[in-house]
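Topology and contacts: notes
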Amino acid sequence: MTKQNKSALSEKDGVSISEITSKHSIEKLKAKRKASIGTDTLIASILKRDITALSRAITLVESKNPKHLKKANAIINGCLPHANKSIRIGITGVPGVGKSTFIETFGKYLTSLGKRVAVLAIDPSSSLTKGSILGDKTRMEILVKDENAFIRPSASGDSLGGVARKTREAITLCEAAGFDVIIIETVGVGQSETTVHSMVDFFLLLKLAGAGDELQGIKRGIIEMADAIAINKADGSNEQAAKLAKVEFTRALHFYPTKDSGWQPKVTACSGIENKGIDTIWKIILEYKETTNSNNYFNAKRNEQNKYWLIQTIEEQLKSEFFNQPNVKAELKKQLELIETNKTTPFAAADYLLNL
């Protein structure tokens, strides 16, 4: 009788490979993976507030694959009659101002009031690797567990100002899924604010006290776009500095001309960490909505935004179709090589490609 091998490394008989990888089961699995949910089914699921269906639809909308465009457009058109019932809030500020912490605290406050909140967070993409961290779900770990909240981080890609290419359509889908408040967080590093401003109802600028920009930061542009300024991190030893910054910004805003909305931008202080002043910001937003609804500016602004996005969509579609043409792809490569060897100029090369 031979001695049995008691080694932990000894091989034991398991399930036969043929039992789990039969040709029939593999084909069945492939067919299941390939089967895609129909457009009508996806729309119906979104209207039933199915988060999985919403995520799938946003993925289709964000896809650069031309094959997904038709289906994405059908989903958007199907959801459109059920949209436009939310308040859209854009939130921006320099990196480190505490946007993610503020949004999480603000979002939890809104869900405590019975609101359903969708956060479309734009993560900056690397200009070299084209990659993004997409870490907002990690930073907002409390809000992400809230059943009345939906957080969707998207890579900014190479679109204007670092704003995700299809954020505008994602807003429509979130509204159709029954979200009352749509929050869009910008990258906060450049012109993304201008693009986000063109798709939201209320624009909130987060600032820091003691960062040296109380007066220097009073420039036309970003300040001019803001409907409210919140001095964040107004807690601990920074609380007094935040109060002083609030006075400075309030004073400076009076030098700006009256907005078309008839709204006078307000300044407040808050703390995302200590949950202070969050309710005040929500009251300001509600006051803004009441003011702009009474003078019809709210709907007029949305109509103007729709016209703007019509033009933007046409430009984007033309650009996509142009660069996806096989002859353009081939000739573009040649023209780039000619530019490198100084045998043509960028302008002459562009003219040549456009006339193909």
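This text goes with the structure placed above it.
Below or above, wherever it landed, is the structure these notes cover. In this text, all values refer to a predicted model and were calculated from it rather than measured experimentally. (Residues numbered from 1 in each chain as written. Predicted model: local features only at pLDDT ≥ 70, side-chain atom pairs only at ≥ 80, totals over all residues. Heavy atoms only, no water.)

A few points about the pairing of strand 1 (residues 87-92)
- The element strand 1 is largely enclosed, with a buried count of six among its six residues.
- Here strand 1 shows two buried faces, one formed by Ile87, Ile89 and Ile91 and the other by Arg88, Gly90 and Thr92.
- Of the pairings in the sheet, the one linking strand 1 to strand 4 (residues 181-185) comprises five bridges and is parallel in character. By the bridge assignment, Ile87 is partnered in strand 4 with Val181.
- Where strand 1 lies against strand 5 (residues 202-208), four bridges are found, and the strand directions are parallel. Note that in strand 5 the partner of Ile91 across the bridge is Leu204. (Buried < 20%, exposed > 50% of the residue type's maximum accessible area, 1.4 Å probe, protein only. Helix = DSSP H or I, 4+ residues; strand = E, 2+ residues; numbered from the N terminus. Pairing = 2+ DSSP bridges.)

With respect to a nonpolar patch on the surface
- A cluster of nonpolar side chains, namely Leu310, Ile311, Ile314 and Leu318, defines an oily patch on the protein surface of about 380 Å² accessible area.
- Within the fold, Ile311 resides in helix 13 (residues 297-323).
- Classification of Ile311 by relative accessible area gives partly exposed; the value is 45%. (Patch = residues over 30% accessible without salt bridge, like charges linked within 9 Å, V, L, I, M, F, W, Y side chains within 5 Å. Areas by Shrake-Rupley, 256 points an atom, 1.4 Å probe, with all protein chains shown as cover. Salt bridge = Lys/Arg side-chain N within 4 Å of Asp/Glu carboxyl O.)

Description of the pattern of salt bridges
- For the coordinates displayed, the defined rule picks out twelve salt bridges.
- With its nearest N and O atoms 3.0 Å apart, the salt bridge here joins Asp146 to Lys108. Residue Asp146 is located in the loop between helix 7 (136-139) and strand 3 (149-155), and its partner Lys108 is located in helix 6 (residues 99-112); the two are separated by 38 residues in the primary sequence.
- Judged by relative accessible area, which is 13%, Asp146 ranks as buried.
- Connected via shared salt-bridge partners are Glu239, Glu274 and Lys276.

So, helix 12 (residues 278-294)
- For helix 12, with 17 residues, the first-to-last C-alpha span of 25 Å sits near the 24 Å given by 1.5 Å per residue.
- Those residues of helix 12 lying buried are Ile278, Ile281, Trp282, Ile284, Ile285, Tyr288 and Thr292. Looking straight down helix 12, one finds that the buried residues subtend no more than 155° of arc, so they occupy a single side. Residues of helix 12 that are exposed and angled more than 90 degrees away from the buried face: Lys283, Glu290 and Ser294.
- Just downstream of helix 12 lies Asn296, where phi reads positive at about 65°. (Expected span 1.5 Å × (residues − 1). Arc of directions from axis to C-beta.)

Remarks on unusual backbone geometry
- Here Asn84, not a glycine, exhibits a phi torsion of approximately 65°, which is positive.
- The topology assignment puts Asn84 in the loop between helix 5 (66-79) and strand 1.
- Taking the relative accessible area as the measure of exposure, Asn84 reaches 43% and is therefore partly exposed.
- Positive phi values are uncommon outside glycine, yet Lys233 reaches one of about 60°.
- Take Lys233: it is sitting in the loop between strand 6 (228-232) and helix 11 (239-253).

Quick look at the packing of helix 3 (residues 39-47) against helix 4 (residues 51-62)
- Viewed as axis vectors pointing N to C, helix 3 and helix 4 meet at an angle of 125°, and their least axial separation amounts to 8 Å. Classified by the angle between their axes, helix 3 and helix 4 sit oblique to one another. Considering the relative orientation of helix 3 and helix 4, their crossing is left-handed. Taken together, the residues of helix 4 that come into contact with helix 3 (itself represented by Leu42, Ser45 and Ile46) are Ala53, Leu54, Arg56, Ala57 and Leu60.
- Split into classes, the residues belonging to the contact of helix 3 with helix 4 amount to six nonpolar, one polar and one charged. (Axes fitted to C-alpha atoms, helices over the stretch in contact; angles between N-to-C directions. Parallel < 35°, antiparallel > 145°, perpendicular 65-115°, else oblique. Left-handed = near helix turned anticlockwise from the far one by under 90°. Contact = heavy atoms within 4.5 Å. Nonpolar A, V, L, I, M, F, W, Y, C, P; charged D, E, K, R; others polar.)

Topic: the packing of helix 14 (residues 326-340) against helix 15 (residues 346-354)
- Look at helix 14 against helix 15: their axes get within 10 Å of each other, and the N-to-C directions meet at 165°. Relative to helix 15, helix 14 is oriented roughly antiparallel. The hand of the helix 14/helix 15 crossing is right-handed. For the pair helix 14 and helix 15, contact is made by Val328, Glu331, Leu332, Gln335 and Ile339 and by Pro346, Ala349, Tyr352 and Leu353, respectively.
- Tallied by class, the residues present in the contact of helix 14 with helix 15 amount to seven nonpolar, one polar and one charged.

With respect to the pairing of strand 4
- With five of five residues buried, strand 4 lies mostly within the body of the structure.
- Residue alternation in strand 4 divides its side chains into two sets, Val181, Ile183 and Glu185 and Ile182 and Ile184, and both sets are buried.

What about the side chain of Thr292?
- Locating Thr292 in the fold gives a position in helix 12.
- Among the residues examined, Thr292 registers a relative accessible area of 0% and is labelled buried.
- A polar contact is formed between the side chain of Thr292 and the backbone oxygen of Tyr288, at a distance of 2.8 Å.
- A distance of 3.3 Å separates a polar side-chain atom of Thr292 from the backbone oxygen of Lys289.
- Beyond its immediate stretch of four places on either side in the chain, Thr292 contacts Ser261, Tyr297 and Phe298. (Polar contact = N/O pair within 3.5 Å; in protein donor to acceptor, adjacent residues only side chain to side chain.)

With respect to the packing of aromatic side chains
- Here the structure, examined in full by the defined rule, presents seven aromatic pairs.
- Each ring, one from Trp263 and one from Tyr288, has its centre 5.4 Å from the other, and the planes form 90°; the classification is edge-to-face. Here Tyr288 lies in helix 12 and Trp263 lies in the loop between helix 11 and strand 7 (266-269), a separation of 25 residues in the sequence. Tyr288 carries the same exposure label as Trp263, and that label is buried.
- An aromatic cluster is present here, built from Phe102, Phe106 and Trp282 joined pairwise through their rings.
- Positioned over the ring face of Phe179 is Arg116, at 4.2 Å from the centre of the ring.
- Over the aromatic face of Trp263 sits the side chain of Lys266, whose NZ or CZ is 5.1 Å from the ring centroid. (Phe/Tyr/Trp six-rings, centres within 6.5 Å; stacked < 30°, edge-to-face > 60°. Lys NZ or Arg CZ within 6 Å of the ring centre and 35° of its normal.)

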